[in-house]
Amino acid sequence: MPPFTLGHFSQVCCQLLNHYFGEIVGQVGAYLLRRGHRPLFDIPSATGLSIPEVKKALAVMIQHNLVKFEASERNNNVAEYSIIHHNVYCLLRYPKYLYMIKRIYGTSEEILLEILLNLGQASASNVIFQSANRLKEANDDGEVLDPSALHQSFLKLAQDNFIIRCPKLASDANVQKVPTLEIEEKEKFTVPHLEIGPIAKLLKENATQIGEHTDSEIIWRVNHERFDVELRHVIIVNAAARRVDATAGELYHLMLKLWRECSNPDSPTTNALSFNVIKDAVRRNEGSSPILLEHFEQYLRILYEDSSSLISKVGDAGGGQFALNYSTVFENLACATLDSIVLERFGSKALRLFRLSRIQKFMEQDQMQNIAMIPAKEAKMFTYKLLEHNFLQIKELKKGTSNFAPVKSFILFHVDLPQVTRTVLEASYKGLYNAMVRQMHDLTDNKRLLDKHARLETLLESLRGEGLPEDELAYLSDSMTAAEKSLVARIHSMNDHLTLGQTQADDTILILESYLKFSSMT
């Protein structure tokens, strides 16, 4: 299926499916991305795959929460399948998920999450059993770990909503051709009682499969929405730290925890926190730095008086009431991102015109060049460059003096921030897709050389551990020519740069998506 039939976001999703699950899943996913809700019997004829291959691909994607099914509106006895776009895109963020969980909790929780990400959906007992086996393999002495510690780690992830229970079959599912799934709100993050003894016994017996267990019908998956909230918080905390210093970032991180406990994370504005509540939280926090304890009031004042509006003061009761306006914060972050892009693409003079138009709302050409203090010829050139690339928009005003006199027109330039954000968002998806394709191309074309280098490095490491003399190791190392070693180093360097570029593009995408999400709520 030709990639040009898909938009840039869908191309990224298709590339991720191909990379993680193979070509067959990628073909089925690309068809669903292009056509939306489709029944099973439509997919084989469109993709050229057999029905068993399509069924297996759909089963894999349903297992990994990438596809959902529901009864067709035209025929309740037929199931229609559709891609969950956001979950597919979140495949790119799995390394960030793991790093975040390791930073917040530790290694045990990271391994639990990694096992759950690999399995897609699994029971708590199965995840704990597989994680214990992984930790056992990692230990040099092969010591069997107590699974009760992993059970406590699993409880932490569920209590903080990083994992969520999958819906189960509805009570009337047996009478329907296409079953429906449901789950009560109170059960979403409730971990049932687990029997740890049988799991410990299986680990001592070196079993590889858990078999039947009491909670086999209670299935868990990763909660992408909770990770989205945490990633947004990381971006805002980093912005506060860059704007002021690391101590301000520490205070802001603590306040975000308090806001999360008392507010809906999808609301554009949080509930207010009083000065005394924040101060008590800083005192109780064991990790608070001495500088923050000593200069708490000054840091809080800097944050709410700053023009970036990282904190909004909404009242004076209790020493002051403070809230977080997500729509304002992400609007400022989106503006800073757009300013950076304009500066890189068009230069400082174009940036001056872009900022001026955004701040002043509507401006004529003469006004812009006079206030920006840019020569007329350059001002016109940069203005129309920005207009050509959709960073500026024009609005025409007509003023008629009489029914017979010619109509006088005024051309005003302005910045439609949501429209510009969508344009840059599309460009970000395109850049992300190009980086992924280039990375895959480099790794595929040089696969044999990279495999040879990896085998040689493994052999040298093993012989070095056995105490082989350095001259013999050098002789073995010379089995690869200098040109091959140079090419491998260049490929690895390029791969690292492309991976970093994808991470930074995803950060930009998250900021722009968050701005569009919260601005649509206000």
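Thresholds applied
Residues numbered from 1 in each chain as written. Predicted model: local features only at pLDDT ≥ 70, side-chain atom pairs only at ≥ 80, totals over all residues. Heavy atoms only, no water. UniProt positions renumbered as here; feature names shortened; annotations may be inferred. Pairing = 2+ DSSP bridges. Helix = DSSP H or I, 4+ residues; strand = E, 2+ residues; numbered from the N terminus. Domains from an automatic or database assignment. Axes fitted to C-alpha atoms, helices over the stretch in contact; angles between N-to-C directions. Parallel < 35°, antiparallel > 145°, perpendicular 65-115°, else oblique. Contact = heavy atoms within 4.5 Å. Nonpolar A, V, L, I, M, F, W, Y, C, P; charged D, E, K, R; others polar. Expected span 1.5 Å × (residues − 1). Buried < 20%, exposed > 50% of the residue type's maximum accessible area, 1.4 Å probe, protein only.

Taking an unreviewed UniProt entry as the reference, the protein is identified by name as DNA-directed RNA polymerase III subunit RPC3 belonging to Daphnia hispanica. Under Function (unreviewed entry), UniProt gives the following word-for-word description of the protein: "DNA-dependent RNA polymerase catalyzes the transcription of DNA into RNA using the four ribonucleoside triphosphates as substrates. Specific core component of RNA polymerase III which synthesizes small RNAs, such as 5S rRNA and tRNAs." The Subcellular location (unreviewed entry) field of the UniProt record for the protein holds the comment "Nucleus".

Draft legend 1. Structural detail: the sheet that holds strand β9 (residues 273–274). Strand order in the open sheet made by the three strands is β9-β11-β10, with antiparallel pairing throughout. At either margin of the open sheet sits one strand with a lone partner, and together these are β9 and β10 (312–315). Pairing between β10 and strand β11 (residues 321–323): three bridges, direction antiparallel. For S312, the partnering residue across the bridge sits in β11 and is A323.

Draft legend 2. How the structure looks around the domain arrangement of the protein. We note that the domain assignment places domain 1 (8–89), domain 2 (105–222), domain 3 (227–324), domain 4 (329–398 + 409–415) and domain 5 (420–520) within the protein. Summarising the inter-unit geometry, the C-alpha centres of domain 2 and domain 3 are found 35 Å apart.

Draft legend 3. Here's a closer look at the packing of helix α17 (residues 348–360) against helix α19 (residues 376–388). Viewed as axis vectors pointing N to C, α17 and α19 meet at an angle of 70°, and their least axial separation amounts to 9 Å. As summarised for this structure, α17 and α19 are arranged roughly perpendicular, according to the angle between their axes. For the pair formed by α17 and α19, the contact residues are K349, A350, L353 and F354 on the first element and E378, A379, F382, T383 and L386 on the second.

Draft legend 4. Examining the UniProt feature "domain: RNA polymerase III subunit RPC82-related helix-turn-helix" (unreviewed entry) in the protein more closely. If you check UniProt for "domain: RNA polymerase III subunit RPC82-related helix-turn-helix" (unreviewed entry), the listed places come out as residues 11–69 in our numbering. Its end C-alpha atoms 22 Å apart, residues 11–69 is made of 71% helix and 8% strand.

Draft legend 5. Looking closely at the packing of helix α6 (residues 94–104) against helix α11 (residues 224–243). Between α6 and α11, whose axes approach to 11 Å, the crossing angle comes to 75°. It follows from the interaxial angle that α6 and α11 lie roughly perpendicular. Residues Y94, K96, Y97, M100, I101, R103 and I104 of α6 form the contact with α11, whose own contacting residues are H224, F227, D228, E230, L231 and V234. Split by residue class, the contact of α6 with α11 holds eight nonpolar, one polar and four charged.

Draft legend 6. Structural context of helix α1 (residues 8–21). Between its first and last C-alpha, α1 extends 20 Å over 14 residues, near the 20 Å set by a 1.5 Å rise per residue. Taken residue by residue, α1 has F9, S10, Q11, V12, C13, C14, Q15, L16 and L17 as its buried positions. Where the residues of α1 are buried, they touch α2 (23–35), α4 (51–63), β3 (79–83), α5 (85–89) and α20 (417–445). At the exit of α1 stands G22, carrying a positive phi of roughly 100°.

Draft legend 7. Here's a closer look at unusual backbone geometry. The residue N161 is not glycine, and still its phi comes out positive at about 70°. Along the polypeptide, N161 turns up in the loop between α9 (147–159) and β5 (163–165). When its relative accessible area of 24% is taken as the criterion, N161 is described as partly exposed. Of note, N390 is a non-glycine position whose phi angle comes to about 65°, a positive value. When you line up the elements, N390 lands in the loop between α19 and β12 (393–399).

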